Amino acid sequence: MSYTPHTGTADALAAQRRTLARRLILPTQILLVFIVAFPLLMQVYISLTWWTPLDGTLWYSAYESWNWFDNFAEIFRDPGLHGAVWRTILFVSIAVPIEFGLGLLLAALFYEGVLARPVFYSLILMPMMIVPAVAGYIFFLIFQQTGPLNALVGIVWDGAYQINWLNDVNRAFIAVIVADVWQWTPLMFLILFAGLMSVPHDQMRAATILGANWRQRFFRIALPRIKAVIFIAIGLRVIECFKIFDMLFVMTSGGPGVATESLSLYLYKQTFQSLEWSYVAAIGITVLVVLSVIAAIILTRTSRPSNTSEAS
Amino acid sequence: MSSVTLEQTSKKFGDFTAVREMDLAIRNGEFVAILGPSGCGKTTTMNMIAGLEDVTSGTIRFDDRDVTEVSTQKRGVGFVFQSYAIFTHMTVRQNLAFGLEVQGVEQAEIDRRVGDMAEFMALGHRIDVPSAGLSVNEMQKLAIGRSAIVEPSIFLLDEPLSNLDAAFREKMRAELRGLQRALKQTMVYVTHDQIEAMGLADRIAVMNHAVLQQFDTPVNIYARPANVFVARFMGAPGMNIVNSRVTEGGVLFGGRDADFVALSREDMATLRHHGERDLLLGFRPEELRLGEVGAPGSIAADVALVETVGRRKIVHLVSGTTAFHGVCDRGVPVRAGEAVGVTISPDKVHLFDTETEARLQWPVEATHG
Amino acid sequence: MAEIRLEGVTKRYGDLVALDDVSLVIEDGSFTSIFGPPSSGKSVLLRVLLGLESVDAGRVIVDGRDVTHATPNARNLSMVFQNLALFPHLDARDNIAFPMIRRGATQEDIDRWLEQLSGVLSIGHILHKRPAALSGGERQRVAIGRALIRDASAYMMDEPIAALDARLRDAMRVELKRLQTELGRTFIYVTHDCEEAMSVADNMAILENGRIVQQGRPDEVYTRPETLYVARLVGSPGINVLAGHASDNGVDIAMGRIAVPVDAGAVCVALRPEALGLARPGEGELRGTITDIERLGGFSVLTVSGGEELRAISNADVAHRIGDEVGLTVDPSGMHLFDPQAGTRIG
């Protein structure tokens, strides 16, 4: 061929396309800057000062009480905060495993067709549709000393009507876990069920024909194939659960004392009762960083199992 | 291995009948193909044999054992899926061992049998490879090996070759037949490809619209199709079917007086007591001969189009308003636009009833060989 | 003149060369099939023609106009996609008319075209139906109709009938051929099915790893394959390929000696199954034992072994049995010799 290729033209074309693409996404980028970056920067700025709304100055004048990292240092000294974090962690590490277990059980029962799908499906998903504050209120009523729960337990056990659920330190903690499990098991179920549905039907049938029973099919074929989904479901719930607020606020307001005070509830009190806005900003940033690290770890874990299942 | 018997087996999904009163007796060690177009009920039939679908009515027996109510796990069938259904999160070894492990076979026994099967399937060098990385050829072997290792009484295969390209399919077909002979297994093979069924099976069960049309050896099905559907379905291209009229001594091709197809003496005897009547005349494209126009006993036709496909020519012919086709070697000089005389040998003629579309010649049940 | 010309077209994806110096001339009014196994570059070639992919080198010329860097809609080429891509919310008539409406054609023009097309495609009776209500074959014809209604320089089809079942496929390919002859337009047909490629086209191009290895009439390709690769691709059952050694105007293979004028040395012998004729033991050039008989209806395929395996086609009522000793005659027109290393044709 005497013809010489003009690669320059091809490159120019590609460059032109890239420029166009950049222009098309610019408006979205600007919008994102405003809704994400701006509040974040504002928070960082305030967290480095002593500013509170009581100062009488507007937030952008906060530099007048600049204190560098004193707020962050306070985080390490604040026993109230430590207690709240510890309780939240305890709450997460009890509630999420229960939700996962129940969700998996339900998903398995549905997948094997043990439960009549059409009837139970909407029933199971209903809690998830309820506004958390409303759910909190429902459980607030259920756990009253004269509430339906005590009445129900009273049928089998005589002294039950005296159980004081929400005013006892330990029982209140159990009560809020029950409420959270009730509300969020459906989400866990939904994600795991969707995962199970994506397991190739032929493989499950092949296992059946080879003589595998229900349990063998489930643990040897289905579960290994939805590892990534399990990671995502648990990760999602851990992060969400860590931020729990509205349900607790309605049920116990963190009480009795601080027995059910979660991190979010603590922050709320610092914000609206103590008006320590700059301190709260510092905590908020710290939590954001910690959760991001956790999320990143989970994400790398989830992208790995799918690779290793193909390659190892 | 064992024989499989279906007696009056039906399957309904709501109002829809997928399989209607099927009687099928598969012998011990036989290779049977269930053949039909998509939606004819062939896959449902196989799923019923495997126990993956419940039977609406009727019985299924393996040898003398009634398995109609036996669950899939307990039936002891081997099943090779169209997708092969390899457990891609396991290695080749784990795939092969799965069936033995879930049945609680001892570890030493499992190791021995897995090793033997891997060798037999020529997968020995790939045994610790993750099965997701296998080639299609190896996947087919693994799927068969994984089923064979539990020593099933029968083997069911659901279109295992349909995902492959043409050249490779031929090779795999030969391999599959070799395997069947080596394993001496009763095999039931579902396919929509008539060439595959002809090439593989000892006997073919042709299905259409939930009903078994014919169950016989490939040669018999091809030579003596039980009805128009089977006649058209077998062969590429399928049999020509022409509306015709029978008279004294033969058949009027296309019902016109001009063209006359002679019949054999047996056929005339069969038709004698029917008198003059309409019927469907069938003849295979590869069994007609093209000659001079006006040759004695020939049908005048025009060549509409000639397709040259590899070693053959497919000749599209029109006689009056009747269109049909013929097949000849690529060397035969025939061109579009030519007029030709078509002769059909009397012993290559098939006659079907216009209404029932059933074969009129020699009752099919009486055939043998 | 609607001639389409590719000159030295190369397309790379990173290190992968999808099209390697492809030069191809598609004449006006011809029916050209582009044939090759999966991932040999057929679809890339089509996408390059359509302008959906840029090229790294070479030129694309349509009607004498260089369109290498022109956008798809400036090329005036029409396309039937493999998945048909019909609009589900429009009936067949609107689906077909869509390209014309978009171009602002008058209702009169549209009606005139529709009438002509529906006659040729025999879809007049289904024009009021939506795609969901149509059968596979009908949908196919509507999709073809929509592609044809544009007055394009050429009409491209990417495996347009691959999704249909066997009987319908046979009928549709004849239909397509008739359509192209009647309309006299340029069709470019991409397929991985050898029978289809050979039966519809009057010109075929065969791709191997992004390179065109042979181009010509289907007839020529079958009777005179330029490389071993082409010989293996076309024909069913596949061609027999054996190792041979040439000397003194003959080739020795494991099963006998075939007389043919050729230079001495190692050769690759390819024998079409239909070129082998059964003979009595001792007769014919080759000998062996029948190890397998596949009776496929109109014909049988016999496997004859004797050091190597050969597949031969015989008539349906073959009298032989497995284990019989036979001789085989060889029809020289069905024998091709290739260089064992390069795979190129000898003689």
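Fair warning: this is a prediction, and the values are worked out from it, not measured in the lab.

Peer 1: Sorry, what's going on with the interface of chain A and chain B here?
Peer 2: The figure often quoted for interface size is the accessible area lost as the parts come together. Counting from both sides, the interface comprises 21 residues of chain A and, opposite them, 24 residues of chain B. Summed over both sides, the interface between chain A and chain B buries roughly 2100 Å², with carbon and sulfur atoms accounting for 60% of that surface. Counting the surface chain A buries against chain B, the share from its top three residues, Ile209(A), Leu210(A) and Arg220(A), is 36%. On inspection of chain A and its partner chain B, the count reaches one salt bridge. Ionic pairing is found between Glu101(B) and Arg220(A), a salt bridge with its closest N-O pair at 2.8 Å. Summed over the shared surface of chain A and chain B, the number is nine residue pairs in polar contact (both at pLDDT 80 or more). Mapped by element, the contributors of at least two residues to the side of chain A that touches chain B are helix 8 (201–209), helix 9 (214–225) and helix 13 (277–311) of chain A. Counting residues per element, the side of chain A that touches chain B draws most heavily on helix 8 of chain A, at seven residues. Of the residues in the side of chain A that touches chain B, the class split is eight nonpolar, seven polar and six charged.

Peer 1: How should I be thinking about the sheet that holds strand 16 (residues 299–309) of chain B in this particular structure?
Peer 2: Working definition: the strands of a sheet are paired by backbone hydrogen bonds and lie parallel or antiparallel to each other. All names here are of chain B. Here we have five strands laid out as an open sheet, ordered 15-19-16-17-18, and antiparallel in their pairing. Every interior strand has two partners, whereas the edge strands, strand 15 (288–291) and strand 18 (322–329), have only one. When strand polarity is set aside, the average angle formed by the axes of neighbouring strands in this sheet is 45°. In this structure, strand 16 lies alongside strand 19 (residues 339–344), joined through four bridges in antiparallel fashion. Looking across to strand 19, one finds that Asp302 is bridged to Ala339.

Peer 1: So what exactly am I meant to see when it comes to the packing of aromatic side chains here?
Peer 2: Aromatic ring pairs are described here by two measures, namely the spacing of the ring centres and the angle between the planes. Residue and element names in this part refer to chain A. This model, assessed by the stated rule, comprises 29 aromatic pairs over all chains. Here Tyr268 and Phe272 contribute two aromatic rings whose centre-to-centre distance is 5.2 Å and whose plane-to-plane angle is 45°, an arrangement assigned as tilted. Of this pair, Tyr268 and Phe272 both sit in helix 12 (residues 263–272), four residues apart, which is roughly one turn of that helix. Overall, Tyr268 belongs to the partly exposed group, its relative accessible area being 25%.

Peer 1: Just checking my understanding: could you explain the side chain of Thr32(C) for this structure?
Peer 2: Residue and element names in this part refer to chain C. With respect to the helices and strands, Thr32 occurs in strand 3 (residues 31–35). Within polar-contact distance, the side chain of Thr32 engages the side chain of Asn203 at 3.5 Å. Ignoring anything within four residues of it in the chain, the contact list for Thr32 reads Ile26, Phe187, Ile188, Tyr189, Ala201, Asp202 and Asn203.

What counts and how
Residues numbered from 1 in each chain as written. Chains lettered and ligands numbered in written order. Predicted model: local features only at pLDDT ≥ 70, side-chain atom pairs only at ≥ 80, totals over all residues. Heavy atoms only, no water. Contact = heavy atoms within 4.5 Å. Buried area = accessible area lost by both parts, 1.4 Å probe. Salt bridge = Lys/Arg side-chain N within 4 Å of Asp/Glu carboxyl O. Polar contact = N/O pair within 3.5 Å; in protein donor to acceptor, adjacent residues only side chain to side chain. Helix = DSSP H or I, 4+ residues; strand = E, 2+ residues; numbered from the N terminus. Nonpolar A, V, L, I, M, F, W, Y, C, P; charged D, E, K, R; others polar. Pairing = 2+ DSSP bridges. Axes fitted to C-alpha atoms, helices over the stretch in contact; angles between N-to-C directions. Phe/Tyr/Trp six-rings, centres within 6.5 Å; stacked < 30°, edge-to-face > 60°. Buried < 20%, exposed > 50% of the residue type's maximum accessible area, 1.4 Å probe, protein only.

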